[in-house]
Amino acid sequence: VSFETVLSDEHRLFSKAVHHFLDREVAPHAEAADRTGDLPPGLVHRLGELGYLGLRYPEDVGGSGAGFVAVCLLMEEFYRVSAGMAAVAEIQCGLGTMPLFLAGTEEQKERYLRPALAGELLGAFALTEPDAGSDATSIATAARRAGSGWVLQGSKTYITNGSRADFLIVAARTGEAGAGGVSLFVVDRRLGEVPARRIETLGLRASDTSEVFLDDVQLPADALLGEEGSGFAILMRTLNEGRIMVGAESVGLATAALEAAVGYAKTRQQFGSPIGAFQSIRFRLADMATQVAASRLLVYRAAQNVDEGTITREEASMAKLFASEVASHVTKDALYIHGGFGYMMEAPLQRYFRDSVANEIVEGTSDMQRESIARSLGL
Ligand SMILES: Cc1cc2nc3c(=O)[nH]c(=O)nc-3n(C[C@H](O)[C@H](O)[C@H](O)COP(=O)(O)OP(=O)(O)OC[C@H]3O[C@@H](n4cnc5c(N)ncnc54)[C@H](O)[C@@H]3O)c2cc1C
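Presented here is an overview of the structure given in this document. (Residues numbered from 1 in each chain as written. Predicted model: local features only at pLDDT ≥ 70, side-chain atom pairs only at ≥ 80, totals over all residues. Heavy atoms only, no water.)

**Topic: the nonpolar core**
Core analysis: the largest hydrophobic core is formed by 71 residues, its most contacted members being L74, F78, I244 and Y300. Residue assignment for this core shows that the elements contributing at least two residues are α1 (9-36), α2 (43-49), α3 (68-81), α4 (83-93), α7 (231-267), α8 (279-308), α9 (313-337) and α11 (349-358). Judged by nonpolar contacts, the second largest core, of 27 residues, contains Y112, L127, I139 and V186. (Core = buried A, V, L, I, M, F, W, Y, C linked by side-chain atoms within 4.5 Å. Buried < 20%, exposed > 50% of the residue type's maximum accessible area, 1.4 Å probe, protein only. Helix = DSSP H or I, 4+ residues; strand = E, 2+ residues; numbered from the N terminus.)

Structure (structure tokens):
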């Protein structure tokens, strides 16, 4: 099955345009952004200007209506060039905006969603807490009513864009233990200070991964997003698409590493021949190429199903599980094929490897995806 047959002509043209943009405007900053942790100035605004942040959303909320396959193509290309910078955009295209699209009032959409899609405001999605990760239904951050508004008390951790964001979609407990007692709030940093601490990470270093402190944060009544107690249902739908995006990102990282390894195997000479002539290297590369092709098909089939409205939870989990584990193996094997050079910071292989490991953890670890797939088998 050729992957090319999965894409329409429009998708192909879009992917080429994204590739061209990233090559020209993002790739030159990739190494420095990884080293310093800083984004090139104006990056988010530029992505908004090009319409790349609103691909998933219809025009009436400020999107471009291109669809979810286009989001995945963007993420694949972006992760090939700079996973750290792409992670910032990933939140903006998905987790940080989807709850607003699914559950926001007209006013919330105008105040947060539209400017976020235009790249004028940066969003974050804050679910994980120091004591609640895989078991997200056990979050302890609480929102209590105070006058006509709310007061938030708790903390969130490992939040992408957590220090930089203008607004955060925060999950907090408003009712009984478990999923039914969780509600979502939009915490607007323009209304009051929300301190955060950026945490050093192994990879995705241009992305900001932060702990966020919610100490007596006063919120107006209209900060509640969706119905009280409906937070978990909104989060689950949001995360389903997020996992497919993680799959597409993993395809991008694996492809970058595979292409580098094939190039190196053709040029690096040992024992009087290119290392690509040795069967162990040839077969390793053949396996890597096959795994990347399989990932791509699984991810884009799931993406198409999102656009067609038929996506299931297990399809999203399978795409994320398979593609993220493939990316970790392929980036490590590509590093190995580069020998000592692969281990050097001046080669990009170490960055692909460091960046890919995150995708086995974010938006539900590999084993949590296995859990959900096993449940779909009736186990
Ligand atoms: C780079 C990065 C960015 C992130 N960005 C965000 C963000 O923007 N917003 C956000 O809310 N969160 C974010 N996270 C958090 C991420 O979603 C969590 O780290 C993830 O869900 C795992 O939770 P945990 O770290 O608490 O691990 P734990 O849940 O403590 O898991 C530890 C280990 O135990 C295993 N485990 C746990 N439960 C089970 C079980 N029932 N069966 C078998 N194994 C189990 C896990 O698979 C894992 O191997 C980010 C994380 C990273 C690394």
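**A word on the packing of α7 against α11**
In contact at an axis separation of 10 Å, α7 and α11 are set at 155° when each is read in the N-to-C sense. Here α7 is positioned roughly antiparallel relative to α11, judged by the angle of their axes. The chirality of how α7 crosses α11 is left-handed. Here L253, A256, A257 and A260 of α7 come into contact with α11, specifically with L349, Y352, D355 and S356. (Axes fitted to C-alpha atoms, helices over the stretch in contact; angles between N-to-C directions. Parallel < 35°, antiparallel > 145°, perpendicular 65-115°, else oblique. Left-handed = near helix turned anticlockwise from the far one by under 90°. Contact = heavy atoms within 4.5 Å.)

**Observations regarding α7**
Taking 1.5 Å per residue as the helical rise, α7 with its 37 residues ought to reach 54 Å, and the 54 Å between its terminal C-alpha atoms agrees with that figure. The element α7 is largely enclosed, with a buried count of 28 among its 37 residues. (Expected span 1.5 Å × (residues − 1).)

**Regarding the pattern of salt bridges**
Evaluated as defined, the whole model comprises 23 salt bridges. With a closest N to O distance of 3.1 Å, E110 and R114 form a salt bridge. Residue E110 and its partner R114 are located together in helix α6 (residues 106-117), separated by 4 residues, close to a single helical turn. What makes E110 partly exposed here is its relative accessible area of 45%. Between E211 and R197 there is a salt bridge whose closest N-O contact spans 3.0 Å. Here R197 lies in strand β6 (residues 196-198) and E211 lies in strand β7 (residues 209-219), a separation of 14 residues in the sequence. (Salt bridge = Lys/Arg side-chain N within 4 Å of Asp/Glu carboxyl O.)

**Side note on the site of the ligand**
Taken together, 16 residues lie around the ligand, and F125, T128, S134, Y158 and T365 are the ones closest in. Coverage of the ligand by the protein chains reaches 63% of its 970 Å² of free accessible surface. Sorting the residues of the shell around the ligand by element identifies β1 (123-126) and β3 (149-160) as the ones contributing at least two each. Partitioned by chemical class, the residues of the shell around the ligand number 9 nonpolar, 6 polar and 1 charged. (Near = heavy atom within 4 Å. Areas by Shrake-Rupley, 256 points an atom, 1.4 Å probe, with all protein chains shown as cover. Nonpolar A, V, L, I, M, F, W, Y, C, P; charged D, E, K, R; others polar.)

Keep in mind these values describe shape, not function.
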